[in-house]
Amino acid sequence: MSSEIPPQVQNQLAQLQQVQQQAQSLAMQKNQMSSMQKEIEMALEELEKLSDDAVVYRAVGDLQIQSNKEETVAKLNERLETLSLRLQSISRQEERISKRFTQLQEQLQQSMGTQGQ
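Residues numbered from 1 in each chain as written. Predicted model: local features only at pLDDT ≥ 70, side-chain atom pairs only at ≥ 80, totals over all residues. Heavy atoms only, no water.

Some thoughts on the overall build of the protein chain
What the protein chain contains, in helices and strands, is two helices and two strands. The helix and strand sequence of the protein chain, counted from the amino end, reads α-β-β-α. In terms of overall dimensions, the protein chain is more spread out than a globule: its C-alpha atoms have a radius of gyration of 24 Å, far above the 13 Å expected for 117 residues. Based on the C-alpha atoms only, the size of the protein chain along its principal axes is roughly 80 × 25 × 15 Å. Once the 12 positive and 16 negative side-chain charges of the protein chain are each reduced to a mean point, those two points are 6 Å apart. (Helix = DSSP H or I, 4+ residues; strand = E, 2+ residues; numbered from the N terminus. Rg over C-alpha atoms; globule rule 2.2 N^0.38 Å. Lys, Arg positive; Asp, Glu negative; His and termini not counted. Charge placed at Lys NZ, Arg CZ, Asp CG, Glu CD.)

Given below as structure tokens:
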């Protein structure tokens, strides 16, 4: 029995590692998006407590710009919706990556099983 790993198995291992890295990257993105979503939700809760004519400042790059409550709430809701859509997209990508990971694992196990015989 040879101790060398056949090229097909090496290729499958490389693909498995690549899929694993993609899954880790998606998990990080999902965590970042979830954190941003929670921050926006907290900001919206605080804005609800303010009177409609309250002076509000919002960050635009490195600047704080005076705004009104209505405009700020609208922008935050828009951003919240965008984040929600992005999170849905990431979840679908995670499902596909998970299925691909399982498929590659099975292929690798089959390859290793036939090598051992």
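That covers the picture; the talk isn't over yet.
A short note on the UniProt feature "coiled-coil region" (unreviewed entry) in the protein chain
As recorded in UniProt, the sites labelled "coiled-coil region" (unreviewed entry) are residues 9–107. Regarding residues 9–107, the helix share stands at 81% and the strand share at 12%, and the terminal C-alpha atoms are separated by 9 Å. (UniProt positions renumbered as here; feature names shortened; annotations may be inferred.)

A short note on the pattern of salt bridges
Here the structure, examined in full by the defined rule, presents four salt bridges. Taking the shortest distance from any N to any O, the salt bridge between Glu46 and Lys49 comes out at 3.1 Å. In this pair, Glu46 and Lys49 are both assigned in helix 1 (residues 7–49), three residues apart and thus about one turn of the helix distant. Look at Glu46 and you get partly exposed, because its relative accessible area is 46%. The closest approach of N and O atoms between Lys69 and Asp52, which form a salt bridge, is 3.5 Å. A residue pair is termed long-range when its members are at least 10 positions apart, and Lys69 in helix 2 (residues 69–116) and Asp52 in the loop between helix 1 and strand 1 (55–60) qualify at 17 residues. (Salt bridge = Lys/Arg side-chain N within 4 Å of Asp/Glu carboxyl O. Buried < 20%, exposed > 50% of the residue type's maximum accessible area, 1.4 Å probe, protein only.)

Brief notes about helix 1
Between the first and last C-alpha of helix 1 there are 64 Å, a value that for 43 residues agrees with the 63 Å anticipated at 1.5 Å per step. Residues of helix 1 that are buried include every one of Val9, Gln12, Leu16, Val19, Leu26, Met33, Gln37, Ile40, Leu44 and Leu47, and no others. (Expected span 1.5 Å × (residues − 1).)

What about a nonpolar patch on the surface?
A surface patch of nonpolar side chains, about 240 Å² in accessible area, is lined by Val60, Leu63 and Ile65. Here Leu63 shows up in strand 2 (residues 63–68). (Patch = residues over 30% accessible without salt bridge, like charges linked within 9 Å, V, L, I, M, F, W, Y side chains within 5 Å. Areas by Shrake-Rupley, 256 points an atom, 1.4 Å probe, with all protein chains shown as cover.)

Looking at the nonpolar core
Judged by nonpolar contacts, the single largest core of 17 residues is most densely connected at Met33, Ile40, Leu44 and Leu76. Put simply, the parts of the chain that give this core at least two residues each are helix 1 and helix 2. Leaving out residues up to four positions away in the same chain, Ile40 has contacts with Leu76, Arg79, Leu80 and Leu83. (Core = buried A, V, L, I, M, F, W, Y, C linked by side-chain atoms within 4.5 Å. Contact = heavy atoms within 4.5 Å.)

A few points about the pairing of strand 2
The sheet contact formed by strand 1 and strand 2 spans six bridges and is antiparallel. By the bridge assignment, Val60 is partnered in strand 2 with Leu63. With antiparallel pairing between neighbouring strands as the criterion, strand 1 and strand 2 make up a hairpin whose turn holds two residues, including Gly61 at a positive phi of roughly 65°. (Pairing = 2+ DSSP bridges.)

A look at the side chain of Thr72
Among the secondary structure elements, Thr72 is positioned in helix 2. Taking the relative accessible area as the measure of exposure, Thr72 reaches 5% and is therefore buried. Within the local environment of Thr72, its side chain forms a polar contact with the side chain of Ser67, the two groups lying 3.0 Å apart. Dropping the residues within four chain positions of it, Thr72 is found in contact with Leu47, Val56, Arg58 and Ser67. (Polar contact = N/O pair within 3.5 Å; in protein donor to acceptor, adjacent residues only side chain to side chain.)

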